[in-house]
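# Summary of the model geometry
Spelled out, the chains give:
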Amino acid sequence: MERPIRVLVAKPGLDGHDRGAKVIARALRDAGMEVIYTGLRQTPEQIVAAAVQEDVEVVAVSILSGAHATLLPRIKSLLKEEGADDMLFVAGGVIPDEDIVFLKENGVAAVFTPGTPTTEAVSFIKENVKK
Amino acid sequence: MNKEQRQAFQEVMEKYDERVERNLTRFPERRSVFYTASKAEVNRLYTPLDVEELDVIEDIGVPGSYPFTRGVQPNMYRGRLWTMRMYAGFATAEESNKRYKFLLDQGQSGLSVAFDLPTQIGYDSDHVLAEGEVGKVGVAIDSLKDMETLFDGIPLDKVSTSMTINAPASILLAMYIAVGEKQGVPKAKLRGTIQNDILKEYIARGTYIFPTDPSMRLITDIFAYCSKEVPSWNTISISGYHIREAGSTAAQEVGFTLADGIAYVEAALEAGLEIDSFAPRLSFFFNAHNDLLEEVAKFRAARRLWARIMKERFGAKDPKSMMMKFHTQTGGSTLTAQQTENNIVRVAIQTLAAVLGGTQSLHTNSKDEALALPTEESVQTALRTQQIVAYESGVTNTVDPLAGSYYIEAKTKEIEDEAMDYIQRIDDMGGAPRAIDAGFIQREIMDAAYRYQVDIEKGDNIVVGVNKYHVDEPSPKGLLRVDLSVGESQKAKLKALREERDNEAVDAALEKLRVVCQGDENVMPAIIEAVKTYATLGEIADVMRDVFGEYQQSVII
């Protein structure tokens, strides 16, 4: 049997809003994926270390504090440094459209904003994950 | 109803039921079961039979008297309207000071300060974890200097100020007291609120620093200090708001918030305080969601239940100890990033819920908040929404106008019972701090949040513009942006401060604070001394981290 997709759900920065992170974690799990959730206040270094250690295919971060433009590109470059550039990197949260363009240019494969059905995130991951 | 009336009414009801059932075969209802936004089942019709067990004096009573179901003041908004208090703050103290003056000019009656995340977690702007976060979700305050700028030209004896600050509440309160002193306003004249509710930070909001026990000590130290020195200050705002935002139901919002309230009361009693010396300064903070009638019932239920707990469980004698005063904010999580104009309507409904529920103050969210911090223009519309409800809707002309509605009264009782059931379960676990450590409260909320999301995706819950009436639209323009230079300017200010101030005095004050933290003397005087030397927020919090340790979150999904 094929190994299920492994996903790290992470909360970068100081933001404590974790409803979205937890809902998406459950939805991915219900969709048959293996999910590891980091909890709050993770630095980019901690997130990347956890991703490598847990040997995940997907890193999904949730951020609502407005610090995305600083923290997300750093996670991407750390993933590259660790040779984990093939991990699918997606984000969700309160993120304005104009920043989404910037984030996509900086290695975030998809950004899911409030109101996105979890099914959309699930199918994006299934279609784009490198196995 | 007497026996005959009851029998006659039951006959009327039987006929009604028969008629409805007959019609259903040809015209079925829109759904087989109807639910509130909290997924509580709603009957087709509520009648006198649903409120038979309620006593008009014991359970409902009159406004201004125990059990305060109908409101905390006898004449409510006929006397004074609620305080219109918009939560605001971003970037630097200079920028936020300008926004406060704008809001006061627009007819707002009290300030509400939003701090950035580093401030809320006790880090200075130059801390490595503050990178990218400085000034983003609120104003950055590193030292008394920033606080002086924040309130520049705003006389502290003329405004009441609410500060959303929890783990480092003692430090920000100390700074506020020091600013007052510089303005020549004595402590006894300061009016306002600190949120100071650490338990809901562990449950839902996430800006904790210290472990449970030292956090509870800081809170009771503040209660004790303020009861003597700052008597008009509300020392805590026990918050259901964030519990609801995290996805709880209305009844859970009441149950978990009051369970937290009980924990604070017990901690204060254990610290030797007398119930009526601090209980009148306890205040609450709730959410207003879209389900108008359920929300009104929730506010009424919370008031009645708290009054009963204070009187019966804690033996309070002063009616002020039994009065639940609360602030309300409209529900941020109900706003959509799609068709943002629709959010103005949602906020108007939620405003009505808060006002019909008898709130003491209100923040209305702005239409663009699912996307970014609000612009000045959208904040103005949100404030105008309150003013329209206050002056044009007519609902403020009479007190608690929905009382006596069969549905409202039945629902009030139902929420009270469900909340009480949660409180009993939490008591059995040893109280709220232990129920949090065990992850019980977090898990209950998460289950409700997930259920809600699944119902939206199945189409059982309709969100207009999201899963129905969706349109393709261009991305909204003109959102507020906080640029990264705020972080740099705060860092520069800190560097200058550390050179200018008397560093020996800072060190001595911090050492004094360390000793006080290690012992059991009240921490407030030592913190006030430290902020006056311009010791920074981060330096003070670091001393406390050293002595108290840091909270480790239990990760629950």
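Since we're looking at a predicted model, the values are computed, not measured.

### Digging into the sheet that holds strand S3 (residues 83–84) of chain B
Residues and elements named next belong to chain B. Across the sheet, 5 strands lie side by side as S3-S12-S11-S10-S9; this open sheet has parallel pairing. Edge positions in the sheet fall to S3 and strand S9 (236–239), since each has one partner strand and no second. Pairing of strand S10 (residues 282–288) with strand S11 (residues 326–330), which is carried by 5 bridges, proceeds in the parallel orientation. The partner of phenylalanine 286 across the bridge, within S11, is threonine 328. In this fold helix H12 (residues 292–313) packs onto S10 and S11, with an angle of close to 160 degrees to the strand it touches most, S10. In the packing of helix H14 (residues 342–356) onto the sheet, the strands contacted are S10, S11 and strand S12 (361–363), and the crossing angle to S11 comes to about 165 degrees.

### Observations concerning the interface of chain B and chain A
Every contact between the two is made by 43 residues of chain B and, on the other side, 38 residues of chain A. Together chain B and chain A conceal approximately 3,300 Å² of surface at their shared face, both sides included; 55% is due to carbon and sulfur atoms. At the surface where chain B touches chain A, the tally comes to 1 salt bridge. Where aspartate 447 of chain B meets arginine 26 of chain A, a salt bridge forms, and the shortest distance between an N and an O atom there is 2.8 Å. Between the two partners, chain B and chain A, sit 11 residue pairs in polar contact (both at pLDDT 80 or more). Per-element tally for the side of chain B that touches chain A: the top contributor is helix H18 (residues 440–458) of chain B, with 7 residues. Here the side of chain B that touches chain A is built from residues that sort into 24 nonpolar, 9 polar and 10 charged.

### Description of a negative patch on the surface
All names here are of chain B. A contiguous patch of negative charge, built from Glu11, Glu14, Asp17, Glu18 and Glu21, is present on the exposed surface. Relative to the helices and strands, glutamate 11 resides in helix H1 (residues 3–26). You can call glutamate 11 partly exposed: its relative accessible area is 46%.

### Quick look at the side chain of arginine 217 of chain B
Residues and elements named next belong to chain B. For arginine 217, the location among the structural elements is in helix H8 (residues 212–229). Among the polar contacts listed, one links the side chain of arginine 217 to the backbone oxygen of cysteine 517, at a separation of 2.8 Å. In this view, arginine 217 contacts Val516, Cys517, Gly519, Asp520, Glu521, Val523 and Phe548; residues no more than four positions away in its chain are not counted.

### With respect to the packing of helix H1 (residues 19–30) of chain A against H18 of chain B
Contact geometry of H1 of chain A with H18 of chain B gives a least axis separation of 10 Å together with a crossing angle of 65 degrees. Our classification of the angle between H1 of chain A and H18 of chain B gives roughly perpendicular. The handedness of the crossing between H1 of chain A and H18 of chain B is right-handed. Across the interface between the two elements, Arg19, Lys22, Val23, Arg26, Ala27 and Asp30 of chain A of H1 of chain A pack against Met446, Asp447, Ala449, Tyr450, Tyr452 and Gln453 of chain B of H18 of chain B. Considered class by class, the residues forming the contact of H1 of chain A with H18 of chain B number 6 nonpolar, 1 polar and 5 charged.

### Examining the pairing of strand S1 (residues 6–10) of chain A
Residues and elements named next belong to chain A. Most of S1 is tucked away, with 5 of its 5 residues classed as buried. Alternating positions in S1 separate into two faces, Arg6, Leu8 and Ala10 on one and Val7 and Val9 on the other, with burial throughout. Pairing of S1 with strand S2 (residues 34–37) involves 4 bridges; the strand directions are parallel. Residue pairing in the sheet places leucine 8 in a bridge with isoleucine 36 of S2. Remark: the S1/H1/S2 crossover connection has right-handed handedness. The pairing of S1 with strand S3 (residues 58–63) spans 4 bridges and is parallel. Its bridge partner lying in S3, alanine 10 is registered against valine 61.

### Observations regarding the environment of tyrosine 551 of chain B
Residues and elements named next belong to chain B. Note on placement: tyrosine 551 falls in the segment after helix H22 (537–548). Tyrosine 551 sits in the buried class, given a relative accessible area of 11%. Considering only alpha carbons, one finds tyrosine 551 and phenylalanine 299, 252 residues apart in sequence, at a separation of 32 Å. Non-local contacts of tyrosine 551, meaning those with residues more than four positions away in its chain, are made with Tyr202, Tyr208, Ile209, Phe210, Pro211, Thr212, Ile436 and Asp437.

### Quick look at the domain arrangement of chain B
As a measure of interface size, the accessible area lost when the parts come together is often cited. With domains assigned, chain B is organised as domain 1 (1–30) and domain 2 (56–458). Distance between the C-alpha centres of domain 1 of chain B and domain 2 of chain B: 43 Å.

### Description of the nonpolar core
Within the largest apolar cluster, 167 residues are counted, with the highest numbers of intra-cluster contacts made by Met147 and Leu258 of chain B. Ranked by residues supplied to this core, first place goes to helix H10 (residues 250–270) of chain B with 11 residues. In this view, leucine 258 of chain B contacts Phe284, Phe286, Ala302, Leu305, Trp306, Ile309, Met324 and Ile423 of chain B; residues no more than four positions away in its chain are not counted. In terms of nonpolar packing, the next biggest core, distinct from the first, is built from 25 residues, Ile47, Val48, Val61 and Ala84 of chain A among them.

### Considerations on unusual backbone geometry
Residue and element names in this part refer to chain B. Geometrically, the link from tyrosine 66 to proline 67 is a cis peptide bond, its omega value of 5 degrees lying close to zero. Note on placement: proline 67 falls in the loop between helix H2 (56–60) and S3. Residue alanine 91 is not a glycine yet carries a positive backbone phi of 55 degrees. Here alanine 91 shows up in the loop between strand S4 (87–88) and helix H3 (93–105). Here glutamine 339, not a glycine, exhibits a phi torsion of approximately 45 degrees, which is positive. Inspection of the secondary structure assignment puts glutamine 339 in the loop between S11 and H14. Overall, glutamine 339 belongs to the buried group, its relative accessible area being 17%.

Reading the values: the criteria
Residues numbered from 1 in each chain as written. Chains lettered and ligands numbered in written order. Predicted model: local features only at pLDDT ≥ 70, side-chain atom pairs only at ≥ 80, totals over all residues. Heavy atoms only, no water. Pairing = 2+ DSSP bridges. Helix = DSSP H or I, 4+ residues; strand = E, 2+ residues; numbered from the N terminus. Contact = heavy atoms within 4.5 Å. Axes fitted to C-alpha atoms, helices over the stretch in contact; angles between N-to-C directions. Buried area = accessible area lost by both parts, 1.4 Å probe. Salt bridge = Lys/Arg side-chain N within 4 Å of Asp/Glu carboxyl O. Polar contact = N/O pair within 3.5 Å; in protein donor to acceptor, adjacent residues only side chain to side chain. Nonpolar A, V, L, I, M, F, W, Y, C, P; charged D, E, K, R; others polar. Patch = residues over 30% accessible without salt bridge, like charges linked within 9 Å, V, L, I, M, F, W, Y side chains within 5 Å. Areas by Shrake-Rupley, 256 points an atom, 1.4 Å probe, with all protein chains shown as cover. Lys, Arg positive; Asp, Glu negative; His and termini not counted. Charge placed at Lys NZ, Arg CZ, Asp CG, Glu CD. Buried < 20%, exposed > 50% of the residue type's maximum accessible area, 1.4 Å probe, protein only. Parallel < 35°, antiparallel > 145°, perpendicular 65-115°, else oblique. Left-handed = near helix turned anticlockwise from the far one by under 90°. Right-handed = clockwise from strand over helix to strand, strands pointing away. Domains from an automatic or database assignment. Core = buried A, V, L, I, M, F, W, Y, C linked by side-chain atoms within 4.5 Å.

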